[in-house]
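# Breakdown of the fold
These are the residues of each chain, in order.
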Amino acid sequence: MESLCRPPLPLPPLKDIVYDVAIIGAGITGCAAAFELSRTTARVALLDRDSDVAAGATRANSGIVHAGYDPLPGTRMARCNVEGNALLHQYAGELNLPFRPTGSLVLALSQEELSTLRTLYARGLQNGVPGLRLLSAEEARAREPALTPEVRGALYAPTAGVIGPWETALAFAETAVVNGADFLPCCEVTGIRRAEGPGGEKALFVLTTGRGTVCARRVVNAAGARADQVNDLLAPPRLHIRPNRGQYYLLDRTQGGTVGMVIFQCPTAAGKGVLVAPTAHGNLIVGPDAQDIADPDDTATTAAGLAFVAAQARRSVPALSLRDSIRNFAGVRAVCGEEDFILEESAACPGLITLGGIKSPGLTSAPAIARECVELLKRSGLALPPRAGFRLCPRPVRFRDLSPEGRAAAVRRNPLYGRVVCRCETITEGEIADAVRSPIPARSVDGVKRRAGTGMGRCQGGFCSPRVAAVLAREWGVPLTAVEQDRPGSFLLTGRTREPAEEEGGR
C-alpha cells in the first residue's frame, strides 16, 4: 500500500494582539462564557486543544435540561441551575436550538424512596423551581404508561426538557465569533506565565500553546476535566478533578416515543442514577452509569457498564427495546472534591477566573455560569462596556424541515440542496457545504455531524460518511487522506491500495 501525504487542514493564524479575555476550553461552559462576553466590547479568544467546539464532555452529554430540585439550596449550583433553565428556554427560541420542553419525573420504586421525593420537592421549592408536584403511582403511570408497575410515586417537574448539547455550544460560540471573538482550535495550553505587555502594561498572561503564544489581560479556566491541570500551570493547587465516566445507549427513532418525559430514578451518592428520556432529535437515550477513571480521555464503553445501565433502566421502564440501540457512547464528568461549582477569581493569581467542577447540571447551568463569569471579570477590574450592534447567530433551519416551497426555493438558489447525502436524516450536500463555510467551519466528519446532522440516523454514517468526507476534501481543497473523523489524528484513510480508474486507462 502506498502511503500518501496528509497536508493538514489550514488553521486560523494566531494574532499578535493582547486579548481582554482568553477562555481555555470550548465546551458548553467556555462557549457560553464567550457568548455572554460577546455582548460586551471585550476582545475574546476561545481556545481548545481539539479542532472543534463541543468535542469533549459536551458532545457526550445526555442533553437534559434539569429543573433544579436536586442541588442543595443556597449553593451556586442551585442558583445557576434554575436561572440557566429559564435562559435555555429563552435561547432555544432565539437561537433555533433543538429543544423539547418535556417535563420530568423522578420515580420512587419503594416506600422508602417516597421520603426522598418529599425531600426533593421541598428542596425544589426552596430553589424556586416552578410547578413542582408530587404524584401518586396512578398519576405517574397515567402520564407515562410504560413505567414499571413497581412505581410508588413520582416528582413531576414541568420545566425540565431536552436539548441538543453540541448545537447549543455551537450557537453560543458562533454568536461570539460573529461579534468579534476568535476561536483558536488545536491550541492546547501547555504553559502560562505573567509578563509585561506592550507599552509597559503589567500583569498580562502569556499562554503557551502548540501553535504559539496567546496574550490576554484575563484568563478564564473552563477546561472541564482538565481544569485542575490548567490551574496548576500558574496558581497553587485549588481543585482536584476526578474524571468519572458515564455510558449510554442511544436508541433508534422508532423507540423515541417509549416515554414522553425524562424519567429519573431517586438520586444516590453516586449521582442522579440511570435515566430514560427522549432526545431533542427524536431518539431515546438510556444511561449513564458512574465509574471513576484515571484518564479523562477514556471514553471507552464496557460490557459490564452497559449491562448495568440496561438492568437499571429496566427498573423504570421494563419494556425498553435495547436491541434497537444504534450507538453506545461514554462521556467523562469533571467531578471534584467540592459538591458545589467553583466560580471564583484566584486569590493567589488575580485575573485568573476558574469555572471548575462543572458536572451535572452543568449543561443547564452554563448560561447562568457565563453571566457570573462576566461579573467576576468586572469585579477583577476589567472594563466591559456593552457592545453596540450585538447580533445573534441562530442555527440554520434543516432542509428537511422546510416547506415544499421552501425546499424548491433552496434548490433554485443552490443546486447542492437537491442532492441528499445522508438518507437516514435527509441531509443535503448544500447543508454539508454550509457547515464547512459557517463562522466556525467544520473540520471533520463529526464536525459536519454536529452542524448538519449527518450520521445521526440508524446507519450512524455507514452510508454517508464517505460522501461527507469527499465534500470536506473538496471544500477545504485537500486530499481525502487529510480528512479526519473527529479529533486531530483520527484520519479515515491511510493511503491508496490501487490507482484510480481514470489513471488505469479508464478501467
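What counts and what doesn't
Residues numbered from 1 in each chain as written. Predicted model: local features only at pLDDT ≥ 70, side-chain atom pairs only at ≥ 80, totals over all residues. Heavy atoms only, no water. 1 Å grid on protein atoms, 1.4 Å probe; cavity = no way out; pocket = protein on both sides within 12 Å on 5 of 7 lines; lining within 4 Å. Points joined across faces, edges and corners; volume = space filled by probe spheres on them. Helix = DSSP H or I, 4+ residues; strand = E, 2+ residues; numbered from the N terminus. Nonpolar A, V, L, I, M, F, W, Y, C, P; charged D, E, K, R; others polar. Core = buried A, V, L, I, M, F, W, Y, C linked by side-chain atoms within 4.5 Å. Buried < 20%, exposed > 50% of the residue type's maximum accessible area, 1.4 Å probe, protein only. Contact = heavy atoms within 4.5 Å.

## Notes on the layout of surface pockets
The volume enclosed by the second largest pocket comes to roughly 310 Å³. Pro396, Val397, Tyr417, Glu431 and Asp434 are, among the 19 residues lining the second largest pocket, the residues nearest its centre. Breaking the lining of the second largest pocket down by element, the ones donating at least two residues are helix H9 (404-413), helix H10 (429-436) and helix H11 (445-452). Per element, the largest residue contribution to the lining of the second largest pocket is three residues, and it comes from H10. Per-class residue counts for the lining of the second largest pocket are eleven nonpolar, one polar and seven charged.

## Quick look at the nonpolar core
Soluble globular proteins tend to bury their nonpolar side chains together. One finds Ile23, Val53, Phe172 and Leu377 to be the most contacted residues of the largest nonpolar core, which totals 55 residues. Those elements that provide at least two residues to this core are strand S2 (18-24), helix H1 (28-37), strand S3 (44-47), helix H2 (76-94), helix H5 (165-178), strand S21 (352-356) and helix H8 (362-379). Among the elements that line this core, the one with the most residues is H8, at nine residues. Not counting chain neighbours up to four residues away, the residues in contact with isoleucine 23 comprise Gly30, Ala33, Ala34, Leu37, Val44, Ala45, Leu46, Leu47, Val220 and Ala222. Formed by 27 residues, the second largest nonpolar core is a distinct cluster that contains Tyr69, Leu132, Leu155 and Leu250.

## Observations concerning unusual backbone geometry
At the junction of glycine 287 and proline 288, the peptide bond is cis and its omega measures out at -5 degrees in the coordinates. Secondary-structure assignment places proline 288 in the loop between strand S17 (284-287) and strand S18 (291-292). Cis geometry is adopted by the peptide bond preceding proline 361, which originates at serine 360 and carries an omega value of 10 degrees. Take proline 361: it is sitting in the loop between S21 and H8. Positioned with a positive phi, alanine 54 is a non-glycine residue whose angle comes to about 60 degrees. Of note, alanine 54 is situated in the loop between S3 and strand S4 (64-65). By relative accessible area, alanine 54 is classed as buried at 0%. Positive phi values are uncommon outside glycine, yet threonine 426 reaches one of about 55 degrees.

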